[in-house]
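The lines below spell out each chain.
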Amino acid sequence: RGLLPLLPRLPGFEAEAAAASPWSSVCERALPAFERLVEGGRTRTVPALLDAAETLLGLGPGLTPSGDDALVGYVAALWTAGASGRALVRDVAAPLAERAAARTTRLGREILGCAARGLAAEPLGRLARCGDAESVAGLLACGATSGGDCLVGWVAGLLASRA
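Residues numbered from 1 in each chain as written. Predicted model: local features only at pLDDT ≥ 70, side-chain atom pairs only at ≥ 80, totals over all residues. Heavy atoms only, no water.

Colleague: Would you mind showing me how to read the overall build of the protein here?
Modeller: A tally of regular secondary structure across the protein gives 8 helices and 0 strands. For the protein, the α and β elements follow one another from N to C terminus as α-α-α-α-α-α-α-α. In terms of C-alpha radius of gyration, the protein reaches 14 Å, essentially the compact-globule figure of 15 Å for 163 residues. Each principal axis of the C-alpha distribution contributes one length, and for the protein these read about 35 × 35 × 25 Å. Going through the 163 residues of the protein one by one, you find that 44% of them count as buried. Separation between the mean location of the 16 positive side-chain charges and that of the 16 negative ones in the protein comes to 4 Å. (Helix = DSSP H or I, 4+ residues; strand = E, 2+ residues; numbered from the N terminus. Rg over C-alpha atoms; globule rule 2.2 N^0.38 Å. Buried < 20%, exposed > 50% of the residue type's maximum accessible area, 1.4 Å probe, protein only. Lys, Arg positive; Asp, Glu negative; His and termini not counted. Charge placed at Lys NZ, Arg CZ, Asp CG, Glu CD.)

And the structure:
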């Protein structure tokens, strides 16, 4: 399920490690970027966030690559974390869009732009509003890997917002 095997490996997330998957090589490339996203969010370090995001932009197959979906979840979590999270999103939105132009699909760029403006697909919005098991299941049901990838980004964003 895309980047979902990374969830138990995020810094500060406690769960049993997931079994290896065919996505293992993509996940191995993505994990250091998620670690930097969490740390960059905690310290509010824009260059570190942009460096991590650049690794994820366009990573994986599909109309919305897994890395893009994860970044959407990350940005959405920061957006819902309060004024400091929204300020951080505003600080990274323009340079992130600039980097996305050369690294990902048109649809990937569009959904990242929407997330930076506080807009999200209904399953992600419901997770933000409810945060219950049903909303997680609804998000996981989206696309082949998009929902799981968004969830990994969401958790990374929540972990990053814990200062």
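Colleague: Can you walk me through the confidence of the model for the protein in this structure?
Modeller: Any region with low pLDDT has predicted coordinates that should not be read closely. Within the protein, residue pLDDT values average 91, and 93% of them lie at 70 or more. The weakest mean pLDDT in the protein belongs to helix H1 (residues 24–43) at 92; the strongest belongs to helix H3 (residues 66–80) at 96. (pLDDT = per-residue confidence, 0-100.)

Colleague: Help me understand the pattern of salt bridges, please; the structure alone is not making it clear to me.
Modeller: Oppositely charged side chains can pair when the atoms bearing their charge come close. This structure, assessed with the given rule, holds 5 salt bridges. Between arginine 9 and glutamate 28 there is a salt bridge, and its shortest N-O distance comes to 2.8 Å. Of this pair, arginine 9 sits in the segment before H1 while glutamate 28 is found in helix H1, placing the two residues 19 residues apart along the sequence. With a relative accessible area of 37%, arginine 9 lands in the partly exposed category. Arginine 126 is the salt-bridge partner of glutamate 134, the closest N and O atoms lying 3.2 Å from each other. (Salt bridge = Lys/Arg side-chain N within 4 Å of Asp/Glu carboxyl O.)

Colleague: Would you take a moment to explain the environment of alanine 120 for this structure?
Modeller: Relative to the helices and strands, alanine 120 resides in the loop between helix H5 (106–116) and helix H6 (122–130). For the pair alanine 120 and alanine 76, spaced 44 residues apart in the sequence, the C-alpha separation amounts to 7.3 Å.

Colleague: It is not clear to me how the environment of valine 72 should be interpreted in this structure. Could you clarify?
Modeller: When you line up the elements, valine 72 lands in helix H3. Taking the C-alpha atoms as reference points, valine 72 and glycine 62, 10 residues apart in sequence, are found 15 Å from one another. Valine 72 has contacts with Ile111, Leu112, Ala115, Leu124 and Cys150, leaving out every residue within four places of it along the chain. (Contact = heavy atoms within 4.5 Å.)

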